[in-house]
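# Fold and geometry: a report
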Amino acid sequence: MKRFVLLSLLVSSLAAIGHAQTVPNIVIILADDLGIADVGTYGPNIPDSDPALTPFIDQLTTAGVQFNHAWSNPVCSPTRATILTGRYGAHTGVGIALEQNHNTDLGELLAPENTLPELLVASYTSAVIGKWHLGKFNEGNDSPRIVGGFQLHSGLVVGEINNYKNWELYVNGSNQGFITTYATTKNVDDALTWINQQQGPWLLYLAFNAPHKPFHVPPKSLLSKQTGKVLQQLGIQTMNDCDLNSENQRLCFKAAIEAMDKEIARLFIQGGITTENTVIFFIGDNGTTDEAVPFNTFPAGKSKGTVYEGGVRVPLIVAGPPDVVISLNREVNHPVNIADVFATVLEIAGATIPAGTDSVSLMPYLQTPLAVQQRNYVYTEKFDGGIGVHSDPNETGIAAIFDGVYKVIEEFNESGIPEMIACFDLNKDEFEQCNLLAQPLDPVLCPHATGTAPPECQALYDTMEADLH
């Protein structure tokens, strides 16, 4: 099988970047609020998912490995910190999405953390294009460079864009004013400008705002005729039209994903990026927002912002050179964590993985089709404050752990007292309809229920307490 190059454009190994190098380039593409049910290649795995049209992202899977049970955090800032540091929010203190006007460094990514660009500075140039959203109280709008260690930032410092076609751009901490270029397009324009200036190995962290709210209609040139026709027939032309009802919101959300997919394709074509010269990670930062969640998949109230599967189960696709990814077009069903991107990148780059991370390299999965499960469990949490629900007895929040079969959810009340509130057998109940702690259960809805909670639930809860408290 030939390795993937968009539209069969065969580019020889490393010729597209005009020089030889011993390590591959690395691009981490992060989509905002993109749950697992919204990407075409995952559609067959999620009944009734109705994903967006994502032909380019789907081709990445044919050229690499698709992880079917990757866990993020329930909201965006913690996931971003976890990718860059390989550490859970319990250890970085980043546990919730940062408010735009917060006035304290509590919950921000702090300078003492070791980040990917800092650890690779000797061999890679680095840039973050797009959304930062890891704080600016201490270091101001140049936090992506001062705290994150990147050599370039162009995009949004805070979290949510107000208008994709009229938004405030920052470059290395300097306010460039409001620009009217569609945000997804501008991110790719800036990424291409930077890539074309590089003379050696590079690390690009491309953090799109899309498809995060506000729901909007992307430029027609970025949409398929099919999608454009549907929007036109329904009279969906403006942001106000998108917000008229839940059906319109879902359609506009899918349109933003489609536009992002097309711009990613442009990045690869114009940037000379192939799976021969670059390792590619495509990731969602958390589950789909409640207003846009597929109607017949994850239940309402179990999407973004929660530790249920609809809130933390996200797409993760990895593609790259033949010495990194062996045996293409595969799916991995073992649980992995977004933290694992960190150790994987460092191993690919030949760098040392620092002590104290929560990251486990994905390389065994990339290189061995029948690799056994590398983690005993994956973990996620959401908390207010800046320490973590398992580190501060007075913290409020929620956490979850999954061992590949059973999933346990723990809640902390206002007094900081933990309680196991749910346990699910995800192999038999992927939409979490049957809480095994709430016996007796409906035998029709929950045929796997036995009348008592399995002992594995308590054992898994005890593991979480012992390892992460």
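Notes on the structure in this doc start here. (Residues numbered from 1 in each chain as written. Predicted model: local features only at pLDDT ≥ 70, side-chain atom pairs only at ≥ 80, totals over all residues. Heavy atoms only, no water.)

### Description of the overall build of the protein chain
The following threshold applies: Only DSSP runs of H or I with at least four residues qualify as helices, and only runs of E with at least two residues qualify as strands; both kinds are numbered from the N terminus onward. Every radius of gyration here is taken over C-alpha atoms, with the globule rule written as 2.2 Å times N^0.38, N being the number of residues. Contacts are assigned to residue pairs with any non-hydrogen atoms lying within 4.5 Å of each other.
When helices and strands are tallied, the protein chain shows 13 helices and 15 strands. Taken against the 2.2 N^0.38 rule, which gives 23 Å for 469 residues, the C-alpha radius of gyration of the protein chain at 21 Å falls within 12% of a compact globule. Over its C-alpha atoms, taken along the principal directions, the protein chain stretches across nearly 65 × 55 × 50 Å. Residue pairs in contact within the protein chain that sit at least 24 positions apart in sequence constitute 67% of those at least 6 positions apart.

### Observations regarding the pattern of salt bridges
So the rule is basically this: The salt bridge definition used is simple: a Lys or Arg side-chain nitrogen within 4 Å of an Asp or Glu carboxyl oxygen. Between buried and exposed lies partly exposed: a residue is buried under 20% and exposed over 50% of the maximum accessible area for its type, with that area taken using a 1.4 Å probe on protein chains only.
Per the counting criterion, the structure on display carries 16 salt bridges. Between Asp 38 and Arg 250 there is a salt bridge, with its nearest N and O atoms 2.6 Å apart. Taken together, the residues Asp 38 in the loop between strand 1 (25–31) and helix 1 (55–62) and Arg 250 in helix 9 (residues 246–271) connect sequence positions 212 residues apart. Each of the two residues, Asp 38 as well as Arg 250, counts as buried. Of the charged contacts in the structure, one is a salt bridge between Arg 266 and Glu 263, with a shortest N-O distance of 2.6 Å. Remark: Glu 263 and Arg 266 occur in helix 9; sequence separation between them is three residues, near one turn of the helix. According to the relative accessible area criterion, Glu 263 is buried, its value standing at 3%. Residues participating in the shared-partner salt-bridge network are Asp 32, Arg 80, Lys 131 and Asp 285.

### Focus on the pairing of strand 7 (residues 202–207)
Put simply, the rule is: Here, a strand pair is defined by DSSP locating no fewer than two bridges between the strands.
Among the six residues in strand 7, six count as buried, and that is most of the element. Side-chain alternation along strand 7 places Trp 202, Leu 204 and Leu 206 on one buried face and Leu 203, Tyr 205 and Ala 207 on a second face that is also buried. Pairing analysis gives five bridges linking strand 1 to strand 7, with the strands arranged parallel. Bridge assignment links Ile 29 to a residue of strand 7, and that residue is Leu 206.

### Quick notes on the side chain of Asp 33
For clarity, the cut-off: What qualifies as a polar contact is a pair of N or O atoms within 3.5 Å, subject to a donor-acceptor requirement within protein and to the restriction that residues adjacent in sequence count only when both atoms come from side chains.
In this structure, Asp 33 sits in the loop between strand 1 and helix 1. At 2.9 Å, the side chain of Asp 33 forms a polar contact with the side chain of Asn 286. Ignoring any residue separated from it by four or fewer positions in sequence, one finds Asp 33 in contact with Pro 211, His 212, Phe 253, Asp 285, Asn 286, Gly 287, Thr 288, Thr 289 and Lys 304.

### Considerations on the nonpolar core
Put simply, the test is: Among the buried residues, those of types Ala, Val, Leu, Ile, Met, Phe, Trp, Tyr and Cys that are joined through side-chain atoms within 4.5 Å form a nonpolar core.
By size, the foremost hydrophobic cluster in this structure holds 63 residues, and its most contacted members are Ile 29, Leu 204, Met 260, Ile 264, Leu 267, Phe 268 and Phe 282. If one sorts the elements of this core by residue count, helix 9 sits on top with eleven residues. Other than its neighbours up to four places away in sequence, Met 260 contacts Ala 31, Leu 34, Thr 184, Phe 208, Ala 210 and Phe 282. With 48 residues, the next largest nonpolar core counts Val 128, Val 147, Val 157 and Val 345 among its residues.

### Focus on the packing of helix 7 (residues 225–233) against helix 9
To keep things clear, this is the line we draw: Axis definition: a line fitted to C-alpha atoms, over the contacting stretch in the case of helices. Angles run 0 to 180 degrees between N-to-C directions. Throughout, the term roughly parallel applies to angles under 35 degrees, roughly antiparallel to angles over 145, roughly perpendicular to angles from 65 to 115, and oblique to all others. Helix crossings get a hand from a simple test, with the near helix turned counterclockwise from the far one by less than a right angle marking a left-handed crossing and a clockwise turn marking a right-handed one. Gly falls in the polar group here, along with every residue not listed as nonpolar (Ala, Val, Leu, Ile, Met, Phe, Trp, Tyr, Cys, Pro) or charged (Asp, Glu, Lys, Arg).
As a packed pair, helix 7 and helix 9 sit with axes 11 Å apart at the nearest point and diverge in direction by 155°. Between helix 7 and helix 9, the angle falls in the class roughly antiparallel. With respect to the hand of their crossing, helix 7 and helix 9 are arranged in left-handed fashion. Across the interface between the two elements, Thr 227, Val 230 and Leu 231 from helix 7 touch Leu 251, Ala 255 and Glu 258 from helix 9. By residue class, the composition of the contact of helix 7 with helix 9 is four nonpolar, one polar and one charged.

### Here's the deal with the environment of Arg 375
Along the chain, Arg 375 falls in the loop between helix 12 (363–367) and strand 12 (378–383). Residue classification places Arg 375 among the buried residues on the basis of a relative accessible area of 9%. Arg 375 sits 260 residues away from Thr 115 along the chain, and the two C-alpha atoms are 22 Å apart. Not counting residues within four places of it along the chain, the set of residues in contact with Arg 375 comprises Tyr 88, Pro 335, Val 336, Asn 337, Ala 339, Asp 340, Asp 358, Ser 359, Val 360 and Tyr 365. Separated by 2.6 Å, the side chains of Arg 375 and Asp 340 make a polar contact. Separated by 2.6 Å, the side chain of Arg 375 and the backbone oxygen of Asp 358 make a polar contact.

### Remarks on helix 2 (residues 76–85)
The buried fraction of helix 2 amounts to ten of the ten residues, a majority that puts the element mostly inside the structure. Of the positions making up helix 2, those classed as buried are Cys 76, Ser 77, Pro 78, Thr 79, Arg 80, Ala 81, Thr 82, Ile 83, Leu 84 and Thr 85. Positive backbone phi, approximately 70°, marks Gly 86, located one or two places after helix 2.

### Section: the side chain of Arg 330
Using the following cut-off: Note on charges: Lys and Arg go in the positive column, Asp and Glu in the negative column, and His and the chain ends are not counted at all.
Inspection of the secondary structure puts Arg 330 in strand 10 (residues 330–332). One buried charged side chain, Arg 330, makes no salt bridge at all; its nearest oppositely charged neighbour is Glu 331, positioned 11 Å away. There is a polar contact of 2.6 Å between the side chain of Arg 330 and the backbone oxygen of Ser 327. Residue contacts for Arg 330: discarding those within four places in its chain leaves Thr 61, Gly 64, Val 65, Gln 66, Tyr 365, Leu 366, Gln 367, Thr 368 and Pro 369.

### Some words on the packing of aromatic side chains
Operational definition: Any Phe, Tyr or Trp ring, taking Trp's six-membered ring, that has another such ring centre within 6.5 Å forms a pair; planes under 30 degrees apart are called stacked, those over 60 apart edge-to-face, and the others tilted. Whether a charge lies above a ring is judged from NZ of Lys or CZ of Arg, which has to be within 6 Å of the ring centre and within 35 degrees of the ring normal.
Within the structure shown, the criterion is met by ten aromatic pairs. Arranged with centres 5.9 Å apart and planes meeting at 15°, the rings of Phe 150 and Tyr 205 form a pair that is stacked. Remark: Tyr 205 occurs in strand 7 and Phe 150 occurs in the loop between helix 5 (143–146) and strand 4 (152–156); sequence separation between them is 55 residues. A residue is classified by how much of its surface remains accessible, and Phe 150, at 3% relative accessible area, is buried. Note that Lys 302 overlies the ring of Tyr 308, its terminal NZ or CZ placed 4.7 Å from the centroid.

### Thoughts on the state of the cysteines
Let me state the cut-off plainly: Defined by distance alone, a disulfide is two cysteine sulfur atoms within 2.5 Å.
A complete count under the given rule lists three disulfides for this structure. Put simply, Cys 423 and Cys 457 are joined by a disulfide, and their sulfur atoms are 2.0 Å apart. Residues Cys 423 and Cys 457 are joined through a disulfide that is left-handed, its torsion about the S-S bond being -80°. With Cys 423 in strand 15 (residues 418–425) and Cys 457 in helix 13 (residues 455–468), the pair connects residues that are 34 residues apart, well separated along the chain. Given a relative accessible area of 0%, Cys 423 falls into the buried group.

In short, geometric facts, not functional conclusions.
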